[in-house]
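# Chains, contacts and geometry: an overview
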Amino acid sequence: MNSKILVTGGTGYIGSHTVVELQTAGYEVIVVDDLSNSNIDVLDNIEQISGKKPAFEQFSLADAAKTDDFFNRHRDIAAIIHFAASKAVGESVQLPLHYYRNNLVSLLNILDCQVKYGISNIVFSSSCTVYGQPDKLPVTETTPRKDAESPYGNTKRVNEDILQDAVRAYPQLKGIALRYFNPIGAHPSALIGELPLGIPQNLVPFITQTAAGLRSELLVFGDDYDTPDGSAIRDYINVVDLAKAHLVAIERLLQNQNKTGYEVFNLGTGNGYSVLEIVKGFEKVTGLKLNYRIVERRAGDIEKIWADTTFANQELGWKAEKGLEETLLSAWNWEKRVRGIR
Ligand code: WQD
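Summary of the structure given here. (Residues numbered from 1 in each chain as written. Predicted model: local features only at pLDDT ≥ 70, side-chain atom pairs only at ≥ 80, totals over all residues. Heavy atoms only, no water.)

### Looking at the packing of aromatic side chains
- With the rule as written, the count across this model stands at 5 aromatic pairs.
- For the ring pair Phe 70 and Phe 71, a centre distance of 5.4 Å and an interplane angle of 85° mean the geometry is edge-to-face.
- Residue classification places Phe 70 among the buried positions, given a relative accessible area of 0%.
- When the ring of Phe 265 is compared with that of Phe 311, the centres are 4.7 Å apart and the planes differ by 15°; the resulting orientation is stacked. Here Phe 311 lies in helix α10 (residues 310–316) and Phe 265 lies in strand β11 (residues 262–267), a separation of 46 residues in the sequence. (Phe/Tyr/Trp six-rings, centres within 6.5 Å; stacked < 30°, edge-to-face > 60°. Buried < 20%, exposed > 50% of the residue type's maximum accessible area, 1.4 Å probe, protein only. Helix = DSSP H or I, 4+ residues; strand = E, 2+ residues; numbered from the N terminus.)

Okay, structure coming up:
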């Protein structure tokens, strides 16, 4: 019988893609999600793709009593992948107390239960946002972290510190923090993907919703950056590649290959693309003309960032496989299926 993995936030964007990879690899998965930013129907789509519907319980991990009760009833959990968090950068500026309470208390409750019930392994969903605007590119895992641009980003940084200090205090704990660059795209089946509630904050869902006619135009936030075409550069990584990295991290922990107790890995492609290159790439793969307008920079945005992926390549034996065009097309196929566009 393969190990049982808890995936918190498993009905979310990256979480759902990771559940598919875990189940396809033969793991037993249980999902906990409060459904505050995702839909329970995702479980049916996960089943359609992987042939299995994960076990599911709905509650907030920020609730200590419910979290303890859950772990008390599931003593056979071999590892945890912790995605569940509030993650809208702009919203976090408006609601910092909610973000600190939800994102920090959830991790603290999980770690308390790991110590209490003897669950060693945790993979934590972190973000390249902890680097701020790096002084030197590409970014390695030893690039100094900077003050976060938002309360959201600060919860990622603080949670990394909480995990590292917990591992130091409780040597039975083993933690891996995965710093995502910019996750984009959808599963090739177009059965799962990114479904932001309300107006999308992120670039690619805004592009696909504009192409689908839900938004009248895409606003490009600034073309006066110090980049070849003036628009900001990011390292966009396919969400399925990202999901597969979580499978590798889990196996690293279960096989006790995690050498130092707490490890950090950058999950990017190593390539940076500008906003305008993403727009042009989308137009190329879809044959559509995107209606966009260049406006002022967005407050809090950094100019450019992309990953040095050497450590993840060498230590995890993982690298992003899917190219930008395939990934943008997967995002469009997903949007078309969700909107019923042929
Ligand atoms: C990308 C680029 C925008 C929307 C954030 C978080 C990060 C991670 C990914 C959670 C920027 C430009 C965007 C639009 C635009 N989230 N843009 N018009 O800000 O790099 O990263 O989301 O983990 O932690 O910080 O991603 O997709 O919002 O922006 O021009 O309508 O697209 O200015 O240059 P970002 P993004």
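Let us keep going from here.
### Topic: empty space enclosed by the protein
- This structure, assessed with the given rule, holds 2 cavities of 30 Å³ or more.
- Put simply, the largest cavity is a space of about 70 Å³.
- Every residue along the wall of the largest cavity is listed here: Tyr 13, Gly 185, Ala 186, Glu 194, Val 204, Pro 205, Thr 208, Ala 331, Trp 334 and Glu 335.
- For the lining of the largest cavity, the elements supplying multiple residues, two or more each, are α7 (203–211) and α11 (324–339).
- The residue makeup of the lining of the largest cavity, split by class, is 6 nonpolar, 2 polar and 2 charged.
- Looking at the second largest cavity, its volume works out to about 30 Å³. (1 Å grid on protein atoms, 1.4 Å probe; cavity = no way out; pocket = protein on both sides within 12 Å on 5 of 7 lines; lining within 4 Å. Points joined across faces, edges and corners; volume = space filled by probe spheres on them. Nonpolar A, V, L, I, M, F, W, Y, C, P; charged D, E, K, R; others polar.)

### Examining the site of the ligand
- The full set close to the ligand counts 19 residues, and Tyr 152, Leu 203, Leu 219, Arg 234 and Asp 301 are the nearest of them.
- One nitrogen or oxygen atom from the side chain of Tyr 152 is found 2.6 Å from an oxygen atom belonging to the ligand.
- Residue Asp 301 places a side-chain N or O atom 2.5 Å away from an oxygen atom belonging to the ligand.
- Bound to the protein, the ligand loses 90% of the 680 Å² it would expose on its own.
- Elements with a contribution of two residues or more to the shell around the ligand: α7 and β8 (218–221).
- The element that contributes the greatest number of residues to the shell around the ligand is β8, accounting for 4 residues. (Near = heavy atom within 4 Å. Polar contact = N/O pair within 3.5 Å; in protein donor to acceptor, adjacent residues only side chain to side chain. Areas by Shrake-Rupley, 256 points an atom, 1.4 Å probe, with all protein chains shown as cover.)

### Comments concerning the pattern of salt bridges
- Scanning the model with the defined rule gives 22 salt bridges in all.
- A salt bridge links Asp 135 to Lys 146, with the nearest nitrogen and oxygen atoms 2.7 Å apart. Pair noted here: Asp 135 is in the loop between β5 (121–127) and α6 (151–169) and Lys 146 is in the loop between β5 and α6, with a separation of 11 residues, a long-range link.
- Overall, Lys 146 belongs to the partly exposed group, its relative accessible area being 29%. (Salt bridge = Lys/Arg side-chain N within 4 Å of Asp/Glu carboxyl O.)

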